[in-house]
Amino acid sequence: MTRKVCVVTGTRAEFGLLRWLMGEVLSHPKLELQVIATGMHLSPEFGSTFREIEEAGFEIDARVEMLLSSDTNTAVTKSMGLGVIGFADAYERLAPDIVVVLGDRFEIFAATSAAMIAGVPVAHLHGGETTEGAFDEAIRHSITKMSHLHFVAAEEYRQRVVQLGEHPERVFNFGGMGIDAIKRIKLLSREELERSLELSFGEKSLLVTFHPVTLEGGASSAAQMAELLTALEELDDTTLIFTMPNADTGGRELSAMVRRFAENRANAKVYTSLGQLRYFSCLSQVGGVVGNSSSGLLEAPAFHIGTVNIGDRQKGRLKASSVIDCEPNHKAIAAAIEKLYSADFQAGLASASNPYGNGGASEAIVKVLAGYPLESIRKKAFYNLSANDFS
């Protein structure tokens with residue numbers, strides 16, 4: 001009897017991490033893959049990236065529409081409510097044996113909440129991480145407590161999941177999913193990428209992604225974006241490749257600011273969605289990454305390029321020596337970019353070690369999904385640490 005594994009994905013970046021695991025599930029003789037697309041995947045505003053799922057050879061078994069055409073706190077909260085309703089219907093129809101989710105977004109919180117009430121076990125990827133500048137922090141740990149199997153990206157994160165009361169036997173450290181994707185994908189050449197993006201990289205180029213800082217309010221996100229754009233104004237000799245912010249609170253205002261900035265600048269290009277192939281191909285060609293995206297910490301080090309990490313959105317995550325932290329003001333950002341291009345910093349990039357492993361996570365996770373007994377997995381006892389753990 002095959003085990004039905006239901007993978008939920010809501011964003012282009014998340015699918016990029018999940019697609020290789022999905023492929024392993026699809027080809028496993030004892031597993032049946034189910035796919036639920038939701039969130040930004042289904043929105044034309046964010047590129048209708050559900051097409052990337054289909055183009056990768058996967059059938060979408062259910063679509064959960066939940067995003068409202070607003071990014072206020074109220075709208076995001078209502079979107080979560082719509083998501084719970086939609087996932088309840090999807091799980092009832094698909095009857096999965098286990099649901100697989102990744103990360104910390106509000107769409108995934110809705111998916112996990114509905115699975116918990118439906119009595120479906122949940123496997124959570126990339127738990128135990130911290131991002132002190134976004135409400136993703138609380139969402140991620142909440143998902144951990146509603147989940148039953150945990151696949152983390154580093155030993156420190158494994159320990160944190162156990163600290164949250166999860167039994168060590170159910171917490172597996174197989175490394176980050178992004179490393180798997182990097183090792184498996186055949187990148188575009190520089191010429192192919194330039195044709196696809198309709199740009200020329202030039203001598204210097206930067207990949208820029210700045211997401212809302214949801215714990216600091218919309219005004220703060222816009223103010224920080226303004227500081228970033230002020231710093232980038234001076235880089236006339238640098239090709240700037242912008243990817244759009246997530247559908248979080250205040251994201252639309254940030255997107256509008258980026259588009260206005262790039263409108264009359266020949267050296268700046270804006271992309272709603274690059275897709276994983278073009279995104280990783282960009283990482284292989286650009287001089288560095290600027291912004292506050294997790295990719296600058298998780299994937300960029302594997303390409304031996306530098307990252308300028310702005311503000312507190314990723315505060316608490318493990319970081320390679322290739323990451324330069326800076327305050328969200330234009331002088332600090334400009335100084336960090338100058339450091340990124342300095343001879344001393346560039347010389348150290350080749351030896352920078354990625355703290356998120358060396359690949360192989362997808363195969364290891366699938367073995368657990370196929371073999372772990374699920375009969376009594378939903379009943380969890382809180383795992384108490386001993387007194388020695390606090391000494």
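Fair warning: this is a prediction, and the values are worked out from it, not measured in the lab.

**Notes on the overall build of the protein chain**
Within the protein chain one finds 15 helices and 13 strands. For the protein chain, the spread of C-alpha atoms along the three principal axes comes to 60 × 50 × 40 Å. By residue count, 57% of the 391 residues in the protein chain fall in the buried class. Accessible surface computed for the protein chain: about 16,100 Å², of which carbon and sulfur atoms make up 50%. Positive and negative side-chain charges in the protein chain, numbering 37 and 48 respectively, have mean positions lying 4 Å apart.

**Re helix 1 (residues 12-27)**
One full turn of an α-helix is made of 3.6 residues, so residues set three or four places apart face in the same direction. Taking 1.5 Å of rise per residue, 16 residues should cover 22 Å, and helix 1 covers 22 Å from first to last C-alpha, within 8% of that figure. Leu18 marks the point of greatest bend in helix 1, at about 40°. Those residues of helix 1 that sit buried are Arg12, Glu14, Phe15, Gly16, Leu17, Leu18, Trp20, Leu21, Met22 and Val25.

**Re the pattern of salt bridges**
Scanning the entire structure with this criterion turns up 17 salt bridges. With a closest N to O distance of 3.0 Å, Glu107 and Arg105 form a salt bridge. Among the residues examined, Arg105 registers a relative accessible area of 7% and is labelled buried. The closest approach of N and O atoms between Glu156 and Arg160, which form a salt bridge, is 3.3 Å. Note that Glu156 and Arg160 are positioned in helix 6 (residues 155-163) at a spacing of four residues, about one turn of the helix.

**Quick notes on the pairing of strand 4 (residues 98-102)**
The element strand 4 is extensively covered by neighbouring structure, given that five of its five residues are classed as buried. In this sheet, strand 4 lies alongside strand 1 (residues 3-9) in parallel orientation, the contact comprising three bridges. Paired with Val7 across the bridge in strand 4 is Val100. Sheet topology note: the strand 4/strand 5 (residues 122-125) ladder contains four bridges and is parallel. Bridge pairing links Val101 to His124 in strand 5.

**Considering the nonpolar core**
Core analysis: the largest hydrophobic core is formed by 34 residues, its most contacted members being Leu21, Leu125, Leu149, Phe151 and Leu369. When residues of this core are traced back to their parent elements, those giving at least two are strand 1, helix 1, strand 2 (31-38), helix 2 (50-55), strand 4, strand 5, strand 6 (149-152) and helix 15 (361-371). Look past the residues within four positions of Leu21 in its chain and what remains in contact with it is Val100, Leu125, Met177, Ser362, Ile365 and Val366. Counting 30 residues, the second largest nonpolar core, distinct from the first, contains Leu235, Leu254, Ala268 and Phe345.

**Considerations on the layout of surface pockets**
Taken as a whole, the largest pocket spans an internal volume of roughly 200 Å³. Along its surface, the largest pocket is lined by Phe15, Gly16, Arg19, Glu52, Glu55, Ala56, Leu274, Gly275, Gln276, Leu277 and Arg278. The set of elements that each furnish at least two residues to the lining of the largest pocket consists of helix 1, helix 2 and helix 11 (275-283). Among the elements that line the lining of the largest pocket, the one with the most residues is helix 11, at four residues. Looking at the lining of the largest pocket, its residues break down into four nonpolar, three polar and four charged.

**A word on a nonpolar patch on the surface**
Together, Leu68, Leu82 and Ile85 make up a nonpolar patch on the protein surface, roughly 240 Å² of accessible area in all. Judged by relative accessible area, Leu68 falls into the partly exposed class, the value being 31%.

**Considering empty space enclosed by the protein**
Counted by the stated rule, this structure contains four cavities of 30 Å³ or more. As a volume, the largest cavity reaches approximately 680 Å³. Ala13, Glu14, Leu17, Ser293 and Ser294 are, among the 32 residues lining the largest cavity, the residues nearest its centre. Looking at the lining of the largest cavity, the elements that each hand over two or more residues are helix 1, helix 5 (136-146), helix 11 and helix 12 (295-298).

**Concerning the side chain of Glu299**
Among the secondary structure elements, Glu299 is positioned in the loop between helix 12 and strand 12 (306-310). Among buried charged residues, Glu299 stands out as having no salt bridge; its nearest opposite-charge side chain is Arg317, 9.0 Å away. Aside from chain neighbours lying at most four places away, what touches Glu299 is Leu17, Gly178, Ile182, Phe280 and Leu283.

**Re the packing of helix 7 (residues 177-184) against helix 15**
Put simply, helix 7 and helix 15 touch, their axes get as near as 8 Å, and they point 120° apart. Relative to helix 15, helix 7 is oriented oblique. Of the residues in helix 15, those touching helix 7 at Met177, Asp180 and Arg184 are Ala361, Ser362, Glu363 and Ile365. Classifying every residue of the contact of helix 7 with helix 15 gives three nonpolar, one polar and three charged.

About the thresholds
- Residues numbered from 1 in each chain as written.
- Predicted model: local features only at pLDDT ≥ 70, side-chain atom pairs only at ≥ 80, totals over all residues.
- Heavy atoms only, no water.
- Helix = DSSP H or I, 4+ residues; strand = E, 2+ residues; numbered from the N terminus.
- Buried < 20%, exposed > 50% of the residue type's maximum accessible area, 1.4 Å probe, protein only.
- Areas by Shrake-Rupley, 256 points an atom, 1.4 Å probe, with all protein chains shown as cover.
- Lys, Arg positive; Asp, Glu negative; His and termini not counted.
- Charge placed at Lys NZ, Arg CZ, Asp CG, Glu CD.
- Expected span 1.5 Å × (residues − 1).
- Bend = angle between axes of the 7 residues up to and from the residue.
- Salt bridge = Lys/Arg side-chain N within 4 Å of Asp/Glu carboxyl O.
- Pairing = 2+ DSSP bridges.
- Core = buried A, V, L, I, M, F, W, Y, C linked by side-chain atoms within 4.5 Å.
- Contact = heavy atoms within 4.5 Å.
- 1 Å grid on protein atoms, 1.4 Å probe; cavity = no way out; pocket = protein on both sides within 12 Å on 5 of 7 lines; lining within 4 Å.
- Points joined across faces, edges and corners; volume = space filled by probe spheres on them.
- Nonpolar A, V, L, I, M, F, W, Y, C, P; charged D, E, K, R; others polar.
- Patch = residues over 30% accessible without salt bridge, like charges linked within 9 Å, V, L, I, M, F, W, Y side chains within 5 Å.
- Axes fitted to C-alpha atoms, helices over the stretch in contact; angles between N-to-C directions.
- Parallel < 35°, antiparallel > 145°, perpendicular 65-115°, else oblique.

Keep in mind these numbers describe shape, not what the thing actually does.
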